[in-house]
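Okay, here's what each chain looks like letter by letter:
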Amino acid sequence: MGMSLDGYIVGPDGGFDWTGPDEEVFRFAMDQIREVGVHLLGRRLYESMLYWETADQDPSLDALMLEWTALWKPLPKVVFSRTMTTVQGNARLAEGGLAKEIERLRGEPVDGNIAIGGATLAAEAAELGLIDEYRPKVYPVLVGGGIPFFPQREQHADLELVETRTFASDVVYMRYRVPR
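Nothing here was measured: the structure is a model prediction, and the numbers come from that model.

A word on the packing of aromatic side chains
Following the criterion strictly, the structure yields nine aromatic pairs and no others. A centroid spacing of 5.8 Å and a plane angle of 50 degrees characterise the contact between Phe26 and Trp68, whose relative ring orientation is tilted. A residue pair is termed long-range when its members are at least 10 positions apart, and Phe26 in helix α1 (residues 23-33) and Trp68 in helix α3 (residues 63-72) qualify at 42 residues. Residue class for Trp68 comes out buried when judged on its relative accessible area of 9%. Measuring from centroid to centroid gives 5.6 Å for Tyr134 and Phe150, while their planes differ by 55 degrees, and the two rings are tilted. Linking Tyr134 in strand β7 (residues 133-134) with Phe150 in the loop between β9 (147-148) and β10 (160-166), this pair joins segments that are 16 residues apart in sequence. On the basis of relative accessibility, which here comes to 16%, the residue Tyr134 falls in the buried class. An aromatic cluster is built from Phe26, Tyr51, Trp52, Trp68 and Trp72, whose rings are joined through pairwise contacts.

This is the structure in structure tokens:
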């Protein structure tokens, strides 16, 4: 996920327009999604990504956006929601809690990583000790509040730096492994 330098994934107004990636960052995100075998999403993220289920029908999309759509649309997705009863595209509603769902997915032959998106869902996964790696993209902006990338809980976690990359737009990608 993208976050501001002061640690938020959305600002105090709920906006995240400052995370609009340039072409270099967007291509990097596409390379990352190619490594994903299944994507777990909270309801809000799922709803914001619904556009991509039919985006290939939008004649105004450029080749890069069509390439993203071709990657996103077939990707299996599991949606966690207490209010939704149906989902669209190559998605299904989670059948149990997050821990049970991840345990089940880890036991299945899945090509690729299990990605988790959405602040609430990711916070729950972190609290349950289910995250193997953190991969934030830090944008050079201070938003002063909003939804934090890392929940404010009294939880200590040592991390090992695996990779960093700085883009021409001054976005910094960091990949940290949780040692086990």
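Section: the pairing of strand β11 (residues 172-177)
Bridge analysis of β7 against β11 gives two bridges, and the strand direction is antiparallel. Paired with Glu133 across the bridge in β11 is Arg177. The pairing of strand β8 (residues 137-139) with β11 spans two bridges and is classified as antiparallel. The residue of β11 that forms the bridge with Lys137 is Tyr173. In this structure, β10 lies alongside β11, joined through six bridges in antiparallel fashion. Paired with Glu160 across the two strands is Arg177, which belongs to β11. The hairpin formed by β10 and β11 contains five residues between the paired strands, and Asp170 there has a positive phi angle of roughly 70 degrees.

About the criteria used
Residues numbered from 1 in each chain as written. Predicted model: local features only at pLDDT ≥ 70, side-chain atom pairs only at ≥ 80, totals over all residues. Heavy atoms only, no water. Phe/Tyr/Trp six-rings, centres within 6.5 Å; stacked < 30°, edge-to-face > 60°. Helix = DSSP H or I, 4+ residues; strand = E, 2+ residues; numbered from the N terminus. Buried < 20%, exposed > 50% of the residue type's maximum accessible area, 1.4 Å probe, protein only. Pairing = 2+ DSSP bridges.

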